[in-house]
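Examination of the molecular architecture
Listed below are the residues making up each chain.
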Amino acid sequence: MKRVVVLPGYNVEKTLEMTVRSIPNIENYHLIFVDDGSTDNTYNVALNLGIETYRLEKNSGYGANQKVCYKKALDKGADIIIMLHPDYQYEPKVIPIMHSLIEEGICDVVLGNRIRTRKESIEGGMPVYKYISNRVLTIFENLVSGQNLGEWHSGLRAYSSRVLRTINWENNSDDFAFDSEFLFQCVNAGFKIGDIPVPVKYFKEASSIDLFFKGDSVWLKDSCCCF
């Protein structure tokens, strides 16, 4: 199976290389990086790493970035697509386990779950307000969807290409709602969704909060994810 790792990023010049270098057996994957109009040196860092790189002319939003990632991955003939935030908050070492669950037909979608225990999450550096927000939203989304996922707001996900070819994700939000919309669509389509634990890694370079403006709204953007 052809495996493609997509990395949607914004202002991740300090963590992109660490993320890429930590992917195990990297020769087994094709990497695609999409720069969402970064204002730092992110784009040049990606080019120097020698990975397939695209740059959006302006900051278009987290969802818009993922849409480009998935289109490029499908164009490459990917059988499995792994979406990894390049802020180094997620341990890439679990990627082989994630796609093996899809290859063996156990799951169609696999998420990395940072919320194994409250103690572990907080000690890993996750701010308390982010932990509480994540827990509240995940509990609500599990109740509505009938799922039992440990975390709905993960920046590490693996999809079968069949999922991406079935779901109408092109019309989803261009912002942070994209991920939740996508998962609800997967539930409605009957896809099998699972998750695996992934260590929590919060540190200064991976957790810098940026204010950016879009239309009449002001958003808090945590590198390339919302929690």
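What comes next is a walk through the structure.

Definitions and limits used
Residues numbered from 1 in each chain as written. Predicted model: local features only at pLDDT ≥ 70, side-chain atom pairs only at ≥ 80, totals over all residues. Heavy atoms only, no water. Helix = DSSP H or I, 4+ residues; strand = E, 2+ residues; numbered from the N terminus. Buried < 20%, exposed > 50% of the residue type's maximum accessible area, 1.4 Å probe, protein only. Contact = heavy atoms within 4.5 Å. Areas by Shrake-Rupley, 256 points an atom, 1.4 Å probe, with all protein chains shown as cover. Salt bridge = Lys/Arg side-chain N within 4 Å of Asp/Glu carboxyl O. Pairing = 2+ DSSP bridges. Axes fitted to C-alpha atoms, helices over the stretch in contact; angles between N-to-C directions.

**Remarks on the overall build of the protein chain**
Assigned secondary structure in the protein chain consists of 8 helices and 9 strands. When the 227 residues of the protein chain are sorted by exposure, 57% land in the buried category. Long-range pairs, those at least 24 residues apart, make up 72% of the contacts in the protein chain between residues at least 6 apart in sequence. Of the roughly 10000 Å² that the protein chain leaves accessible, carbon and sulfur atoms contribute 51%.

**A closer look at the pattern of salt bridges**
For the structure shown, the criterion picks out 8 salt bridges. A salt bridge links Arg3 to Glu103; the nearest nitrogen and oxygen atoms lie 2.7 Å apart. Here Arg3, found in strand E1 (residues 3-9), pairs with Glu103, found in helix H4 (residues 95-103); they are 100 residues apart in sequence, far enough to count as distant. Between Lys67 and Asp174 there is a salt bridge, with the nearest N and O atoms lying 2.7 Å from each other. Residue Lys67 is found in helix H3 (residues 62-75), and its partner Asp174 is found in the loop between helix H7 (161-166) and helix H8 (177-188); the two are separated by 107 residues along the sequence. On the basis of relative accessibility, which here comes to 9%, the residue Lys67 falls in the buried class.

**Regarding the environment of Ile106**
For Ile106, the location among the structural elements is in the loop between H4 and strand E5 (109-113). Residue contacts for Ile106: discarding those within four places in its chain leaves Leu101 and Lys192.

**Topic: the sheet that holds strand E3 (residues 52-55)**
As summarised here, the arrangement of the 7 strands in space is E3-E2-E1-E4-E6-E5-E7, forming an open sheet in which the pairing is mixed. Two strands close off the open sheet at either side, each with one partner strand: E3 and strand E7 (193-197). Strand-to-strand twist of the sheet, defined as the mean angle between neighbouring strand axes without regard to direction, takes the value 20°. Pairing of E5 with E7 involves 5 bridges; the strand directions are parallel. Bridge pairing in E7 places Val109 opposite Ile193. Strands E1, strand E2 (30-35), E3, strand E4 (80-84) and strand E6 (156-160) of the sheet are contacted by H3, whose axis makes an angle of about 155° with E1.

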